[in-house]
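Chain by chain, the residues:
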Amino acid sequence: MTTDTLVPYSEAMERYEPVIGLETHVELGTRTKMFCGCVTTFGAEPNSQVCPVCLGLPGSLPVVNRMAIEYTIRIGLAMNCTIAEWCRFARKNYFYPDMPKNFQISQYDEPLCTDGWLDVGVNGRTVRVGIERVHLEEDTGKSLHVGGATGRIHGAEYSLVDYNRAGIPLVEIVTKPIPGTGADAPVAARLYVTELRDLLRSLHVSDVRMEEGSLRCDVNTSLAPRGSAAWGTRTETKNVNSLRSVERAVLFEIERQAAVLDAGGRVKQETRHFHENTGTTTAGRSKEEAQDYRYFPEPDLVPVAPPAEWVEQIRAALPEPPSARRARLRAEWDLSEADMTALSNAGALDLVAETVAAGASPADARKWWLGELARLANEDGTELSALGITPAQVARISELVAAGALNDKLARQVIDAVLAGEGDPDEVVKARGLAVVSDESALTKAVDEAIADNPDIAARVREGRVAAVGPLVGAVMKATRGQADAARVRELILRRLS
Ligand SMILES: [Zn+2]
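Sequence order sets the numbering: in each chain, residues are counted from 1 along the sequence as written. pLDDT decides what is reported in this predicted model: residues at 70 or higher carry local features, side-chain atom pairs at 80 or more are listed and counted, and totals for whole chains, interfaces and linings draw on all residues regardless. No hydrogens and no water enter the side-chain calculation; it runs on all heavy atoms of the structure.

The donor set covers N, O and S atoms within 2.8 Å of the metal, switching to 3.2 Å for Na, K and Ca, and it leaves out water, so a site may look short of donors. The protein atoms donating to the zinc ion are C36 (SG), C38 (SG), C51 (SG) and C54 (SG), with metal-donor distances spanning 2.3 to 2.4 Å. In this structure, the zinc ion is coordinated by four donor atoms arranged in tetrahedral fashion, with angles at the metal of 100 to 115°. Here a site with four donors is tetrahedral if all angles are between 85 and 135 degrees, and a site with four or six donors is square planar or octahedral if opposite donors are over 155 degrees apart and the other angles are between 65 and 115; anything else gets the irregular label.

Structure representation (structure tokens):
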């Protein structure tokens, strides 16, 4: 493998203007497959969810899954597309071992949804990403290469094929070329996929898990000299499987293509593979042209003609778009754009919203989810939503803190106990005796002892050096095993020494 020459990113940006484009494949979360009744559960025993239709056995006939059509229309409407009154499936002919029919049922010149857009916030401005088409097709099976060190076909002793995935409905969302993002191109690519993922999640059409392959991206990148009217030749980097990789793939292609163009070469139109471990891309096959696939209308299926009333019903039932919801919550919660982005990125937006709905203040809900709970999730290598604590429980803890019954330190102990399965916050507080010492006489006694034990510090505070009070507060907190309200303790000490 030759090592590519690269031009440092900032230098490349001085001379070249990137245009990006994204093709995203989304596995729909329908219960059954696109053209048969096989179930689609992820992770089942290989080849246990197959039938003559999805194995492409002779004589079997496909039937379109109505729910998949509805999901695709939902996606198209949410992305401001026109929904075709009449469209057809097409056969895309190519050979691949994990594609049992040796053709894929897809859509070609008559997609279900066309000509939409999705707004994406990129570093403080809005980039309107044009959507070329949203079409429906079927997924392929999965090859497993056995015996090699890398799990790739090179060096493998043999390969196995699992057809459970073959025939799962797949939506392909293709953007128009996105010019004008300049040095933000890699970030814009990542943020588009992020926005798309959030939108799809809100539509309940897919579980959009990049790590399980239910959301997969191909990233197109081209470079043209600054000021040039024509766009450059694009490469297509396949199956980029995390948000971070989307950004890295564009960045690498820009640095690589700039070096090719600097040397007077031409960028080849080809597919490339992204390598997660190195952040680089390598050449794959040269890109097929549409005619190589011998597309023709699928003769085994009738055309799809969604009635206008049905489309309008689907439109009327669309949920609030994530961008509008974020803007509304941001105003209601009085947060900055950066705070809101941090919540989204941490996957905490819904959790905070539910915690607020359960009675916590937005500031407190945010503090616990982005602070202690994010830290614990990170330690565990798990997602916030997978932690064993509910928004209602977090709201209750924050209520106890607000009422002075817990301080932050005790609240953290309550969280630990709830996560350990010891029950609801109130049960934990009772069982572990975790409550702030609010008994005035006990506190006063501890304050007097702290003053008696630290005469020098007490003297300084008496002279008016209020900032010196810290060690006295510390002594009282220690004496009460952290179960006092520090602010209250400070107040008592200062009153005693005034
Ligand atoms: Zn089947």
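A separate point is the pattern of salt bridges. Criterion for a salt bridge: a side-chain nitrogen of Lys or Arg within 4 Å of a carboxyl oxygen of Asp or Glu. Across all of its chains, the model carries 40 salt bridges by this definition. E253 is the salt-bridge partner of R256, the closest N and O atoms lying 2.8 Å from each other. Of this pair, R256 and E253 both sit in helix 4 (residues 243-262), three residues apart, which is roughly one turn of the helix. For every residue, the accessible area obtained with a 1.4 Å probe (protein chains only) is divided by the maximum for its type, and the residue is called buried under 20%, exposed over 50%, and partly exposed between those limits. The buried category is assigned to E253, whose relative accessible area is 0%. Numbering of helices and strands runs from the N terminus; a helix is a DSSP stretch of H or I covering at least four residues, while a strand is a stretch of E covering at least two.

Right, let's get into the packing of aromatic side chains. Paired rings are identified among Phe, Tyr and Trp, the last through its six-membered ring, by centres lying within 6.5 Å, and are further divided according to the angle between planes into stacked (under 30 degrees), edge-to-face (over 60) and tilted (the rest). Tallied over the entire structure, the rule returns four aromatic pairs. With a centroid separation of 5.6 Å and 70° between ring planes, the pair formed by Y94 and Y293 is classed as edge-to-face. Of this pair, Y94 sits in the loop between strand 3 (90-93) and strand 4 (103-106) while Y293 sits in the loop between strand 13 (280-286) and strand 14 (296-297), placing them 199 residues apart in sequence. Measuring from centroid to centroid gives 5.9 Å for Y293 and Y295, while their planes differ by 65°, and the two rings are edge-to-face. A residue is classified by how much of its surface remains accessible, and Y295, at 22% relative accessible area, is partly exposed. Through pairs of rings, three or more aromatic residues link up here, namely Y94, Y108, Y293 and Y295. Any Lys NZ or Arg CZ found within 6 Å of a ring centre and within 35 degrees of that ring's normal is scored as a charge over the ring. Directly above the aromatic system of W310 lies the positively charged group of R66, at a separation of 4.4 Å from the ring centroid.

Our next topic: helix 9 (residues 362-380). When the terminal C-alpha atoms of helix 9 are compared, their 25 Å separation across 19 residues agrees well with the 27 Å that a helix rising 1.5 Å per residue should span. The seven residues ending at a residue and the seven starting there each receive a fitted axis; the angle between those axes is the bend at that residue. For helix 9, the principal kink sits at A374 and spans about 40°. Contacts were defined at the residue level, with two residues in contact if any of their heavy atoms lie within 4.5 Å. Of the surrounding secondary structure, the elements contacted by the buried residues of helix 9 are helix 8 (349-357), helix 10 (391-402) and helix 11 (408-419). Multiplying 1.5 Å by the residue count of a helix minus one yields the expected span of that helix.

Turning next to the sheet that holds strand 3. By the convention used here, strands pair only if DSSP detects at least 2 bridges between them. Taken in spatial order, the three strands line up as 4-3-14 in an open sheet, and their pairing is antiparallel. The open sheet has two free edges, formed respectively by strand 4 and strand 14, since each of these has just one partner strand. In this structure, strand 3 lies alongside strand 14, joined through two bridges in antiparallel fashion. Looking across to strand 14, one finds that R91 is bridged to F296.

It is worth spelling out the environment of S206 at this point. With respect to the secondary-structure elements, S206 resides in the loop between helix 3 (185-202) and strand 10 (215-225). Look at S206 and you get buried, because its relative accessible area is 10%. When the C-alpha positions of S206 and G29 are compared, they lie 4.4 Å apart, and in sequence the two are 177 residues distant. Setting aside chain neighbours within four positions, we find S206 in contact with V26, E27, L28, G29, L200 and S214. Any pair of nitrogen or oxygen atoms within 3.5 Å is treated as a polar contact; in protein, a donor-acceptor pairing is required on top of that, and neighbouring residues in sequence qualify only through side-chain atoms on both sides. Polar contacts involving the side chain of S206 include one to the main-chain carbonyl oxygen of E27, which spans 2.9 Å.

With that out of the way, let us pick up the side chain of S344. Looking at the element boundaries, S344 is found in helix 7 (residues 337-345). Since its relative accessible area comes to 17%, S344 is described here as buried. Setting aside anything within four residues of it in sequence, one finds S344 in contact with R326 and L349.

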